[in-house]
Each structure stands twice: as structure tokens, then as C-alpha cells.
Amino acid sequence: MRGFVFDAGAFIALERRSPLLLGILDEALHGTVEVVLPRTVIAQVWRGTPRQANTGRLISAGRAAGGPVIIDELTAERAKQIGITIGTTSHPDIVDVHVALAAAERGHAVLTSDDADIGGINPRLVLVHV
């Protein structure tokens, strides 16, 4: 199954009703594409406003076990992986590193508005500018 990992820019584009992101939301909710939401990104963007209705739908879909929307948790193991990656790349943003690790682990593309930051962590990642 093809898939995408959301960074903050992807959530912002979804809130702005980007046709690309609305299409990915629809595909994710119908199980035709896998979407990964790093927990650190959710913490960075969630405000609980009515404008975030689609974001809320996507996050809620991630609560269903075995579904096409996956919440990549900030477990102790993931935190260690992030720390090691920060040490080897000197990239200081734990959220960006979390996104890059989740994408590399699953072979998914990253939906991002900040190509340079994510690409600097792992140049082999597929980046989709939103």
C-alpha cells in the first residue's frame, strides 16, 4: 500500500482545504492509502478549533487498530531513535526527525511545506511539497 507521512505543513494545507490533501483524506478514510501521523506533529498543530474538523477526522481515524491511519507514537524507543538521529545529523528539530524516521521506516512519502529541513535529515526520502 502506498502511503504518506504528514508534517505540520500537511495539516495546515488540509485545514486550508487543499484539493491534494482533501483527496488524501478521502483515500485514507476509505482505506486506499496509508497515512502516518507522528504524535509530535499532532502536538505541534492541534488547537481544537472548528477549522480543524478534517484534521480531527484524520486523527480520530488513527485510533482504530489496524486501520489505514497510523499514529506513530513517541515511545521510549522512538525517542531514542530521534536522539540518535539528531546526534548524527545535527538537525535540532525533534518533530522533523520524527517525521523523517516514520517515513523512512515505512517507505512512505512525506507531505511537507519545508522540503529542505526534512530532506536534510534523509536525502533518500520522497518529498511531496504541499
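S.K.: What should I look at first to understand the sheet that holds strand S3 (residues 69–72) in this one?
M.R.: The strand order across the open sheet built from five strands is S3-S2-S1-S4-S5, with neighbouring strands paired in parallel fashion. Edge positions in the open sheet fall to S3 and strand S5 (127–129), since each of these has one partner strand only. Sheet twist, expressed as the mean angle between neighbouring strand axes with direction ignored, is 25 degrees. Those strands touched by helix H1 (residues 8–15) are strand S1 (3–6), strand S2 (34–38) and strand S4 (109–112), and its axis lies near 95 degrees from that of S1.

S.K.: Would you mind going over the environment of valine 126 with me for this structure?
M.R.: Relative to the helices and strands, valine 126 is located in the loop between helix H7 (115–121) and S5. Remark: the alpha-carbon pair of valine 126 and isoleucine 42, spanning 84 residues in sequence, is separated by 21 Å. Residues contacting valine 126, with those up to four places away along its chain left out, are Ala109 and Val110.

S.K.: What's the story with the pattern of salt bridges in this structure? I'm lost.
M.R.: Pairing of side chains with opposite charge becomes possible as their charged atoms draw close. Counted under the stated rule, the structure contains six salt bridges. In this structure, the salt-bridge partner of glutamate 27 is arginine 2, at a minimum N-O distance of 2.4 Å. Taken as a pair, glutamate 27 in helix H2 (residues 19–29) and arginine 2 in the segment before S1 lie far apart in primary sequence, 25 residues in all. Here arginine 106 makes a salt bridge to glutamate 105, at a shortest N to O gap of 3.7 Å. By relative accessible area, which is 27% here, arginine 106 ends up partly exposed. Given a relative accessible area of 48%, glutamate 105 falls into the partly exposed group.

S.K.: Please explain the packing of helix H5 (residues 76–89) against helix H6 (residues 94–106) as it appears in this structure.
M.R.: Two measures define how a pair of helices packs: the angle their axes make with one another and the distance between the axes. Contact geometry for H5 and H6: axes closest at 9 Å, N-to-C directions at 105 degrees. Between H5 and H6, the angle is such that the two are roughly perpendicular. Note on element contacts: H6 touches H5 through Ile94, Val97, His98, Leu101, Ala102, Glu105 and Arg106, opposite Arg78, Gln81, Ile82, Thr85 and Ile86. Class assignment for the residues of the contact of H5 with H6 results in six nonpolar, three polar and three charged.

S.K.: Quick question: what am I supposed to make of the pairing of S1 here?
M.R.: One face of the sheet, then the other: side chains in a regular strand alternate in exactly this way. Across the two faces of S1 the burial is the same, with Gly3 and Val5 and Phe4 and Phe6 all buried. Relative to S2, S1 runs parallel, the two sharing three bridges. Counterpart to valine 5 in the pairing with S2 is valine 36. Pairing geometry for S1 and S4, over three bridges, is parallel. Paired with phenylalanine 6 across the two strands is leucine 111, which belongs to S4.

Procedures and definitions
Residues numbered from 1 in each chain as written. Predicted model: local features only at pLDDT ≥ 70, side-chain atom pairs only at ≥ 80, totals over all residues. Heavy atoms only, no water. Pairing = 2+ DSSP bridges. Helix = DSSP H or I, 4+ residues; strand = E, 2+ residues; numbered from the N terminus. Axes fitted to C-alpha atoms, helices over the stretch in contact; angles between N-to-C directions. Contact = heavy atoms within 4.5 Å. Salt bridge = Lys/Arg side-chain N within 4 Å of Asp/Glu carboxyl O. Buried < 20%, exposed > 50% of the residue type's maximum accessible area, 1.4 Å probe, protein only. Parallel < 35°, antiparallel > 145°, perpendicular 65-115°, else oblique. Nonpolar A, V, L, I, M, F, W, Y, C, P; charged D, E, K, R; others polar.

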